[in-house]
Amino acid sequence: MASNKDVSLSSIYSDLNRFGQNQEYEKALKAANKILQQRADELKAFHCKIVCLIQLSRFQDALKAIVKEPKLSLELVFEKAYCQYRLNQPQEALKSLDSVLTLSLKLKELKAQILYRLERYEECFDVYRDIIKNSNDDYEEERETNLSAVIANMCHDDPNRDVPQLREHTYELSYNSACQLVGRGQYGEAERKLKATEKLCRDSIEEEDEGDIEDELGIIKVQLAYCLHMQGREKEAQLIYTAALKQKPDDIGLVAIASNNIIAINRDQNVFDSKKKMKSATLEGLEHKLTSRQRKNIAVNHCLLALYTNQSDQCQQLCARLVQQYPDMGAEATLIRAVQLAKDGKSRDAAVVLDKFASQNPEHQMKMRLAAVQLLLSEVWMGLHGDRKESCRILQNLSEATFKPGIVSALVTLYLADGNLDAASKVLKDAVDWYRKNKVSTGDLSTMWRQAADFHLRSGEPAVAAKSLEELLRINPGDKKTLAQLVLAYAQIDPAKAQVLSKQLPPLDLSQTIDVEALELSNWMMKSKVAKKAAAKIEPSPGSKPGTPGDELIQKKKSKRKRKGKLPKNCDLNSTPDPERWLPRHERTGYRRKKDKRNKDIGKGTQGTTTGTSDQYDITKMPSQQTKPSPNPNSPVPDVSGPRQQQRKIQQKKKKKSGKW
């Protein structure tokens with residue numbers, strides 16, 4: 001019986017070997033199961049069964065079989081890790097590989113793929129470099145391509161990183177080299193390299209298989225469109241994106257990227273098309289096709305699309321989901337939530353959300369609180385009821401950033417708009433004291449010192465103004481204008497110090513004769529008319545010479561020719577003129593009003609009747625119907641004109657227009 005079993009097993013093994021060489025994996029699986037039915041501990045048959053299941057893409061069944069038979073699967077670490085990798089369980093697959101002390105070449109290859117899926121590019125780079133260094137087979141070009149893909153992703157994470165230069169003799173290597181340039185932000189060079197890659201791809205694929213050319217070219221074209229997009233050539237990019245989607249590629253990752261980029265171009269326009277594209281960009285299964293950076297950008301664009309379409313509830317839900325999936329995107333999600341609340345007319349709630357996030361995340365404090373101030377003040381700019389006081393409170397809680405020149409300027413402007421001069425003065429005082437105490441150098445602060453000094457001089461605070469002028473003089477010691485202002489400021493609080501500083505001013509040159517009256521006339525505060533009158537009255541000084549300043553201001557009085565006035569024709573120069581000649585005619589003593597020669601009886605009554613008959617039918621002249629005067633002068637006066645007939649309107653015939661041009 002034992003010999004018969006051995007004969008049957010050998011025959012089944014021969015069948016299994018034949019099926020495996022012919023790649024008939026279904027028949028090979030049946031043969032392996034027959035062997036395991038006869039001998040359950042047959043290691044070679046179990047291994048063949050696992051390989052057949054993997055070749056048939058039945059990874060779940062293969063993994064279950066490995067877990068079910070731990071004794072038989074001790075040597076099947078590669079198969080177990082590969083099944084976990086294909087089932088999108090990269091963490092478990094890496095744990096399976098880490099259980100092996102010494103990794104073989106194929107285990108290192110699998111580990112590199114798993115690290116790439118986990119986006120641990122530094123470790124992946126080290127593994128690939130070790131594999132290429134210690135291997136010599138026909139897969140060298142494939143490993144080099146994978147290494148270039150790892151380097152491209154490393155350049156996205158750190159654009160300034162130094163990486164080794166690889167060959168570019170295939171279109172895959174050329175494409176990955178262009179992706180490195182994209183990661184460094186060199187979009188113009190990447191565009192030129194992608195065009196060369198497209199030509200190289202056409203030449204190489206047309207020789208092999210023409211059916212795959214559109215799939216390969218689609219990836220290159222979408223990357224080329226992205227380079228155009230980042231250079232501001234959005235129309236060209238959109239045409240390429242649309243053309244790539246019309247080809248209906250099988251790669252859902254490529255469809256998602258092109259759709260998302262079209263949404264980014266549309267912004268708040270063409271929202272219905274953007275909604276359709278967003279469905280393609282958020283399909284299930286994309287988490288295994290796209291990197292976390294790409295998925296993150298799609299999620300942010302989904303939130304922005306809900307914001308543009310005024311879907312408040314959906315926008316808030318998407319922002320909460322964004323923070324849950326990507327905790328590092330909390331700042332972007334908070335800003336989108338705040339803008340949505342502001343669009344709904346809840347600017348104060350938006351400011352509270354931003355302020356709360358700023359208090360919990362000090363690294364985003366400046367950005368969030370400035371955004372809150374902008375939302376609060378936007379209502380003021382639009383003529384609505386804004387909140388300047390709350391804006392000032394937020395700006396004053398920026399710790400050291402409160403003393404930056406831009407923040408100081410905004411605070412002073414807001415306080416002056418509210419008429420709070422004391423608060424504006426205090427802001428400038430605190431800024432001056434802070435800079436004097438900390439000796440912080442943040443660029444050119446001369447403008448701020450100058451404005452602070454002028455403000456305090458105008459508001460009657462020369463002591464504070466002197467501090468600002470001293471700082472300004474320290475920055476520019478040779479500025480005599482600042483020194484003169486400082487002398488004026490100290491003259492009000494410390495005359496002795498003002499006297500000492502005044503000695504540093506340049507001496508007044510009195511060697512030339514100066515016309516004092518001319519200098520008084522040159523005062524810019526004097527009006528032009530007054531200056532001209534004064535200049536006309538001044539006579540040249542006896543000691544003045546030609547070319548002195550007084551000569552320019554003195555103008556020679558022009559002599560005007562006198563003309564005789566005209567008299568009326570009937571004027572009698574011997575008689576005294578009428579004293580009332582300048583009064584209006586109706587105000588003179590001899591004025592009499594002209595009599596009204598019109599007949600008052602004409603026009604009463606209906607048309608065609610005499611005056612007597614009209615009085616007979618006039619209701620206002622009947623004794624019983626005469627109206628009494630109203631005791632209230634504000635009461636309405638009744639109409640006493642009686643009924644009137646409507647006159648016919650005589651239509652005038654229109655003149656015929658001549659037919660001439």
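Here, residues in each chain are numbered from 1, in the same order as that chain's written sequence. Local features in this predicted model are restricted to residues whose pLDDT is 70 or higher, and side-chain atom pairs enter the listing and the counts only when it is 80 or higher, whereas totals over whole chains, interfaces and linings include all residues. Values shown for side chains rest on all heavy atoms present in the structure; no hydrogens or waters enter the calculation.

## Topic: the overall build of the protein chain
Part 1: A count of helical and extended segments in the protein chain gives 31 helices and zero strands.
Part 2: Working definition: with a 1.4 Å probe on protein chains only, accessible area under 20% of the residue-type maximum means buried, over 50% means exposed, and in between means partly exposed. Among the 661 residues that make up the protein chain, the fraction classed as buried is 34%.
Part 3: Across the protein chain, every contact between residues at least 6 apart in sequence was considered, and the portion connecting residues at least 24 apart equals 47%.
Part 4: Just so you have it, the protein chain exposes about 46200 Å², and 51% of that area is on carbon and sulfur atoms. The secondary structure listing takes helices from DSSP runs of H or I that are at least 4 residues long and strands from runs of E that are at least 2 residues long, numbered from the N terminus. Pairs of residues are marked as contacts when any of their non-hydrogen atoms sit within 4.5 Å. Working definition of accessibility: Shrake-Rupley area with a 1.4 Å probe, residue cover restricted to the visible protein chains.

## Regarding helix α23 (residues 421-438)
Part 1: Expected helix span is given by 1.5 Å per residue-to-residue step, counting one fewer step than there are residues. Taking 1.5 Å of rise per residue, the 18 residues of α23 would be expected to cover 26 Å, and the 26 Å separating its terminal C-alpha atoms lies within 8% of that figure.
Part 2: Every buried residue of α23 is accounted for by Ala423, Ala424, Ser425, Val427, Leu428, Ala431, Val432, Trp434 and Tyr435.

## Structural notes on the environment of alanine 465
Part 1: Its location among the elements puts alanine 465 in helix α25 (residues 462-475).
Part 2: Once residues within four sequence positions are removed from consideration, alanine 465 is found in contact with Ala453, His456 and Leu457.

## Thoughts on the environment of glycine 460
Part 1: Following the sequence through the fold, glycine 460 ends up in the loop between α24 (446-458) and α25.
Part 2: When the C-alpha positions of glycine 460 and alanine 489 are compared, they lie 9.8 Å apart, and in sequence the two are 29 residues distant.

## A short note on the pattern of salt bridges
Part 1: Note on definitions: salt bridges are taken to be side-chain nitrogens of Lys or Arg within 4 Å of carboxyl oxygens of Asp or Glu. Under the definition given, this model contains 24 salt bridges.
Part 2: Among the ionic pairs, aspartate 130 bridges to lysine 108, the shortest N-O distance being 2.9 Å. Residue aspartate 130 is located in helix α8 (residues 121-133), and its partner lysine 108 is located in helix α7 (residues 105-117); the two are separated by 22 residues in the primary sequence.
Part 3: Its relative accessible area of 30% is what places aspartate 130 among the partly exposed residues.
Part 4: Across the salt bridge formed by aspartate 126 and arginine 129, the nearest N and O atoms sit 3.3 Å from each other. Of this pair, aspartate 126 and arginine 129 both sit in helix α8, separated by three residues, roughly a single helical turn.
Part 5: Take arginine 129: its relative accessible area is 48%, and that puts it in the partly exposed class.
Part 6: If you follow the salt bridges from partner to partner, you end up with Glu191, Lys195, Arg233 and Glu236 in one network.

## Regarding the packing of α25 against helix α26 (residues 480-493)
Part 1: With their axes 9 Å apart at the nearest point, α25 and α26 run at an angle of 155° to one another. Here α25 is positioned roughly antiparallel relative to α26, judged by the angle of their axes. The handedness of the crossing between α25 and α26 comes out as left-handed. Residue-level inspection shows Pro462, Ala463, Ala466, Leu469, Glu470, Leu472 and Leu473 of α25 in contact with α26, the latter providing Thr482, Leu483, Gln485, Leu486, Ala489, Tyr490, Gln492 and Ile493.
Part 2: Under the scheme applied here, ten amino acids are nonpolar (Ala, Val, Leu, Ile, Met, Phe, Trp, Tyr, Cys and Pro), four are charged (Asp, Glu, Lys and Arg), and all others, including Gly, are polar. Looking at side-chain class alone, the contact of α25 with α26 contains eleven nonpolar, three polar and one charged residues. Orientation is described by lines fitted to C-alpha atoms, with helices fitted over the stretch in contact, and by angles between N-to-C directions that extend from 0 to 180 degrees. Angles below 35 degrees are treated as roughly parallel, those above 145 as roughly antiparallel, those between 65 and 115 as roughly perpendicular, and all remaining angles as oblique. Should the near helix be turned counterclockwise from the far one by less than a right angle, the crossing is left-handed, whereas a clockwise turn marks it as right-handed.

## Things to note about the confidence of the model for the protein chain
Part 1: Taken over all residues, the pLDDT of the protein chain has a mean of 80, while the share at 70 or more is 78%.
Part 2: Per-residue confidence from the prediction method is given by pLDDT, with values spanning 0 to 100. Contacts from residues 543-556, a stretch scored under 50 in pLDDT, to residues over four places away or in other chains number 14 contacts.
Part 3: Low pLDDT (under 50) marks residues 624-661, which in the prediction has five contacts with non-local residues, meaning those over four places away or in another chain.

## Quick look at the packing of helix α14 (residues 252-266) against helix α15 (residues 271-281)
Part 1: Interaxial distance between α14 and α15 falls to 8 Å at its minimum, and their mutual angle equals 150°. Taken together, the axis directions place α14 and α15 in an arrangement best described as roughly antiparallel. Along this stretch, α14 crosses α15, giving a crossing that reads as left-handed. The residues of α15 that touch α14, namely those facing Val255, Ala256, Ser259, Asn260, Ile262, Ile263 and Asn266, are Asp273, Ser274, Lys277, Met278, Ser280 and Ala281.
Part 2: Taken together, the residues of the contact of α14 with α15 sort by class into six nonpolar, five polar and two charged.

## A short note on the nonpolar core
Part 1: Residue types Ala, Val, Leu, Ile, Met, Phe, Trp, Tyr and Cys, when buried and joined through side-chain atoms within 4.5 Å, form a set referred to as a nonpolar core. One finds Leu354, Leu395, Leu411 and Tyr415 to be the most contacted residues of the largest nonpolar core, which totals 39 residues.
Part 2: Of all elements in the fold, only α18 (330-343), α19 (347-360), α20 (365-381), α21 (388-395), α22 (405-417), α23 and α24 reach the threshold of two or more residues within this core.
Part 3: At eight residues, the largest contribution of residues to this core is made by α23.
Part 4: Once residues within four sequence positions are removed from consideration, tyrosine 415 is found in contact with Cys392, Gln396, Asn420, Ala423, Ala424 and Val427.
Part 5: By size, the runner-up hydrophobic cluster in this structure holds 25 residues, among which are Ile12, Phe19, Leu29 and Leu76.

## Let's talk about a negative patch on the surface
Part 1: Each patch is built from residues that are more than 30% exposed by relative accessible area and take part in no salt bridge. Like charges join if they lie within 9 Å; nonpolar side chains (Val, Leu, Ile, Met, Phe, Trp, Tyr) join within 5 Å. Charge counting treats Lys and Arg as positive and Asp and Glu as negative, with His and both chain ends excluded. Charge positions are represented by NZ for Lys, CZ for Arg, CG for Asp and CD for Glu. Together, Glu214, Asp215, Asp250 and Asp251 line one region of the surface with negative charge.
Part 2: Examined against the element boundaries, aspartate 250 turns out to sit in the loop between α13 (234-246) and α14.

## Points about unusual backbone geometry
Part 1: The phi angle at serine 57 is positive, at roughly 60°, despite the residue not being glycine.
Part 2: Looking at where serine 57 falls in the secondary structure, it is placed in the loop between α3 (43-55) and α4 (59-68).
Part 3: Judged by its relative accessible area of 48%, serine 57 falls in the partly exposed class.
Part 4: You will see that glutamate 119, though not glycine, has its phi angle at about 60°, which is positive.
Part 5: Inspection of the secondary structure assignment puts glutamate 119 in the loop between α7 and α8.

## A short note on the packing of aromatic side chains
Part 1: Geometry of aromatic contacts follows a simple scheme: Phe, Tyr and Trp rings, the Trp one being its six-membered ring, pair when their centres are within 6.5 Å, and the pair is stacked under 30 degrees between planes, edge-to-face over 60, tilted otherwise. Summed over the entire model, instances satisfying the criterion amount to five aromatic pairs.
Part 2: On the basis of an interplanar angle of 80° and a centroid distance of 6.2 Å, the ring pair of tyrosine 187 and tyrosine 226 is categorised as edge-to-face. Separated by 39 residues along the polypeptide, tyrosine 187 in helix α11 (residues 187-208) and tyrosine 226 in helix α12 (residues 213-230) bring together distant segments of the chain.
Part 3: Here the aromatic cluster, defined as three or more aromatic residues joined through ring pairs, consists of Phe59, Phe78 and Tyr82.
Part 4: Sitting above the plane of the phenylalanine 19 ring, arginine 18 keeps its charged end 5.0 Å from the centroid.
Part 5: The rule is short: NZ of Lys or CZ of Arg within 6 Å of the ring centre and within 35 degrees of the ring normal puts a charge over the ring. Lying over the aromatic face of phenylalanine 78, lysine 106 brings its terminal NZ or CZ to 4.9 Å of the ring centre.

## Some words on the side chain of glutamate 42
Part 1: If you trace the backbone, glutamate 42 turns up in the loop between α2 (25-38) and α3.
Part 2: Within the buried core, glutamate 42 has no salt-bridge partner, and the shortest N-O distance to an opposite charge, that of arginine 39, equals 4.2 Å.
Part 3: Glutamate 42 has contacts with Tyr13, Ile35 and Leu36, leaving out every residue within four places of it along the chain.

## Focus on the environment of tyrosine 128
Part 1: With respect to the secondary-structure elements, tyrosine 128 resides in helix α8.
Part 2: Of the residues examined, tyrosine 128 reaches a relative accessible area of 2% and is grouped as buried.
Part 3: Each C-alpha atom of the pair tyrosine 128 and alanine 112 lies 6.5 Å from the other, and the pair is 16 residues apart in sequence.
Part 4: Contact partners of tyrosine 128, with chain neighbours within four places excluded, come to Glu109, Ala112, Gln113, Arg143, Asn146, Leu147 and Val150.

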